[in-house]
Amino acid sequence: QVQLAESGGGLVQAGGSLRLSCAASGITFGVYAMGWFRQAPGKEREFVATIGRNGFNTINADSVKGRFTISRDNAKNTVYLQMNSLKPEDTAVYYCAARLATIPTMRPNEYQYWGQGTQVTVSS
């Protein structure tokens, strides 16, 4: 059974950092593009970052450019999201997603598998 398990969320003050992890099982991790999305209460799920299967091709949302970095370790079946200079508007549930494709996409409906999410709360 496919499972994506996010971890690393928590409560942090503005300006702080968090590192999210997403451990995948039940899939051949190295052939999936991976993405991070987030959803705040009352808002639509939005794209954060994505990375291609080989870790070279990445795309970041404009709202997080220069602050967040997506990376992956295929040997560990894990994708990461390093979040620096966090802002209160970054508060959301962060979801990991997987897509059987080489090229990354920002469109959530093109991802096949999703984790349950991890809460990130940034206080002011």
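I will try to describe carefully the structure that is included in this document.

Calculation rules
Residues numbered from 1 in each chain as written. Predicted model: local features only at pLDDT ≥ 70, side-chain atom pairs only at ≥ 80, totals over all residues. Heavy atoms only, no water. Helix = DSSP H or I, 4+ residues; strand = E, 2+ residues; numbered from the N terminus. Buried < 20%, exposed > 50% of the residue type's maximum accessible area, 1.4 Å probe, protein only. Phe/Tyr/Trp six-rings, centres within 6.5 Å; stacked < 30°, edge-to-face > 60°. Lys NZ or Arg CZ within 6 Å of the ring centre and 35° of its normal. Contact = heavy atoms within 4.5 Å. Core = buried A, V, L, I, M, F, W, Y, C linked by side-chain atoms within 4.5 Å.

## Thoughts on the environment of alanine 24
Position of alanine 24 among the secondary structure elements: in strand 3 (residues 18-25). Residue alanine 24 is classed as buried on the basis of its relative accessible area of 9%. In the structure, alanine 24 is positioned 91 residues away from glycine 115 in sequence and 9.0 Å away in space, judged by C-alpha atoms.

## Some remarks on the packing of aromatic side chains
If you walk through the whole model with that rule in mind, you get 5 aromatic pairs. Summarising the aromatic geometry, the rings of phenylalanine 37 and phenylalanine 47 are spaced 5.7 Å apart at their centres and angled 75° between planes, so their arrangement reads as edge-to-face. In this pair, phenylalanine 37 sits in strand 4 (residues 33-39) while phenylalanine 47 sits in strand 5 (residues 46-51), placing the two residues 10 residues apart along the sequence. The class of phenylalanine 37 is buried, set by a relative accessible area of 0%. Members of the aromatic cluster, each reached through a chain of ring pairs, are Phe37, Phe47, Tyr111 and Trp114. When the ring centre of tryptophan 114 is taken as reference, the NZ or CZ atom of arginine 45 above it lies at 4.8 Å. When the ring centre of phenylalanine 29 is taken as reference, the NZ or CZ atom of arginine 72 above it lies at 4.4 Å.

## Description of the environment of arginine 45
Along the chain, arginine 45 falls in the loop between strand 4 and strand 5. Since its relative accessible area comes to 30%, arginine 45 is described here as partly exposed. With 50 residues separating them along the chain, arginine 45 and tyrosine 95 place their C-alpha atoms 9.2 Å apart. Ignoring anything within four residues of it in the chain, the contact list for arginine 45 reads Phe37, Arg38, Gln39, Tyr95 and Trp114.

## Considerations on the nonpolar core
Ranked by size, the top nonpolar core spans 33 residues in total, and within it Met34, Trp36, Val79, Leu81, Met83 and Tyr94 carry the most contacts. Among the secondary structure elements, those contributing two or more residues to this core are strand 3, strand 4, strand 5, strand 7 (68-73), strand 8 (78-83), strand 9 (92-99) and strand 11 (118-123). It is strand 9 that provides the largest number of residues to this core, a total of 5 residues.

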